[in-house]
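What follows is each chain in one-letter form.
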Amino acid sequence: MSKELVILAVDDDLINLKLLKSMLMKNPDVKEVIEAKNGADAVGQIKSRGDINLVLLDIIMPIMNGLEMLKVVRSDDNIEQMPIIVLTTDETKKTEALELGANGFLMKPIRNNDLVEKINSLVL
């Protein structure tokens, strides 16, 4: 039985977003992938939609980066606390991301198997 997950992918790199979306849409448990180009955009999406099950979050972005977005989401009682997986090329940010409330961490380039495993461990 499929889970019908709605996933918010947050990345300022359009190629990364498209790649992530195509990987996710191959998963029968994923119903929809919403895209955001920075943390501020993502916070807006989370606030306006009550059906997001998971956030895949890049760290290095303009306007509001991933770590700033984590702080905002985790400190706002009005935002549902869904799982957030940080995706980045910068392994030095792992501890900080986890301390700020990330539920998981994957290094880019993302491998489909790792992504599916991480999603399954958090939402299924």
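Everything quoted here is computed from the prediction, not taken from an experiment. (Residues numbered from 1 in each chain as written. Predicted model: local features only at pLDDT ≥ 70, side-chain atom pairs only at ≥ 80, totals over all residues. Heavy atoms only, no water.)

(A) Spatial organisation of the overall build of the protein chain. Looking only at helices and strands, one finds five helices and five strands in the protein chain. Starting at the N terminus and walking to the C terminus, you meet the elements of the protein chain as β-α-β-α-β-α-β-α-β-α. Relative to the compact-globule value of 14 Å for 124 residues, the protein chain shows a C-alpha radius of gyration of 13 Å, a close match. In the protein chain, which comprises 124 residues, the share counted as buried stands at 45%. (Helix = DSSP H or I, 4+ residues; strand = E, 2+ residues; numbered from the N terminus. Rg over C-alpha atoms; globule rule 2.2 N^0.38 Å. Buried < 20%, exposed > 50% of the residue type's maximum accessible area, 1.4 Å probe, protein only.)

(B) Representation of the UniProt feature "modified residue: 4-aspartylphosphate" (unreviewed entry) in the protein chain. The UniProt entry lists Asp58 under the feature "modified residue: 4-aspartylphosphate" (unreviewed entry), expressed in the numbering used here. Within the secondary structure layout, aspartate 58 lies in strand 3 (residues 54-58). When near neighbours in sequence (up to four residues on either side) are disregarded, aspartate 58 contacts Val10, Asp11, Asp12, Gly66, Leu87, Thr88 and Lys108. (UniProt positions renumbered as here; feature names shortened; annotations may be inferred. Contact = heavy atoms within 4.5 Å.)

(C) Local environment of the nonpolar core. Core analysis: the largest hydrophobic core is formed by 25 residues, its most contacted members being Leu8, Ile46, Val55 and Met69. Among the secondary structure elements, those contributing two or more residues to this core are strand 1 (5-10), strand 2 (30-36), helix 2 (39-48), strand 3, helix 3 (66-75) and strand 4 (84-88). The dominant element in this core, judged by the number of residues it contributes, is helix 3, at four residues. With 17 residues, the next largest nonpolar core counts Leu20, Met23, Leu54 and Ile119 among its residues. (Core = buried A, V, L, I, M, F, W, Y, C linked by side-chain atoms within 4.5 Å.)

(D) Just the UniProt feature "domain: Response regulatory" (unreviewed entry) in the protein chain, in detail. The residues that UniProt annotates with the feature "domain: Response regulatory" (unreviewed entry) are residues 6-123. As a span, residues 6-123 carries 42% helix and 22% strand, and end to end its C-alpha atoms are 11 Å apart.

(E) Geometry of helix 3. The set of residues buried in helix 3 consists of Gly66, Leu67, Met69, Leu70 and Val73. Down the axis, helix 3 shows its buried residues gathered within 155 degrees of arc, on one side only. Two to three positions downstream of the cap, the backbone nitrogen of leucine 67 sits 2.9 Å from a side-chain oxygen, assigning the N-cap of helix 3 to asparagine 65. (Arc of directions from axis to C-beta. Polar contact = N/O pair within 3.5 Å; in protein donor to acceptor, adjacent residues only side chain to side chain.)

(F) Region of the structure containing the environment of glutamate 99. Here glutamate 99 lies in helix 4 (residues 94-99). Its relative accessible area of 67% is what places glutamate 99 among the exposed residues. Once the C-alpha coordinates of glutamate 99 and leucine 70 are considered, the two residues, 29 residues apart in sequence, prove to be 9.8 Å apart.

(G) Representation of the confidence of the model for the protein chain in the model. Looking at the protein chain, the pLDDT average stands at 93 and 98% of residues meet or exceed 70. The least confident element of the protein chain, judged by mean pLDDT, is helix 5 (residues 112-123) at 92; the most confident is strand 3 at 97. (pLDDT = per-residue confidence, 0-100.)

(H) How the structure looks around the pattern of salt bridges. Applying the stated criterion across every chain yields a total of eight salt bridges. Two residues, aspartate 51 and arginine 49, come together in a salt bridge whose shortest N-O distance is 2.8 Å. Classification of aspartate 51 as partly exposed rests on a relative accessible area of 31%. Across the salt bridge formed by aspartate 114 and arginine 111, the nearest N and O atoms sit 3.5 Å from each other. Looking at aspartate 114, the relative accessible area reads 31%, which means it is partly exposed. Residue classification places arginine 111 among the exposed residues on the basis of a relative accessible area of 55%. A cluster of three or more residues bridged by salt bridges with shared partners is formed by Asp11, Asp58 and Lys108. (Salt bridge = Lys/Arg side-chain N within 4 Å of Asp/Glu carboxyl O.)

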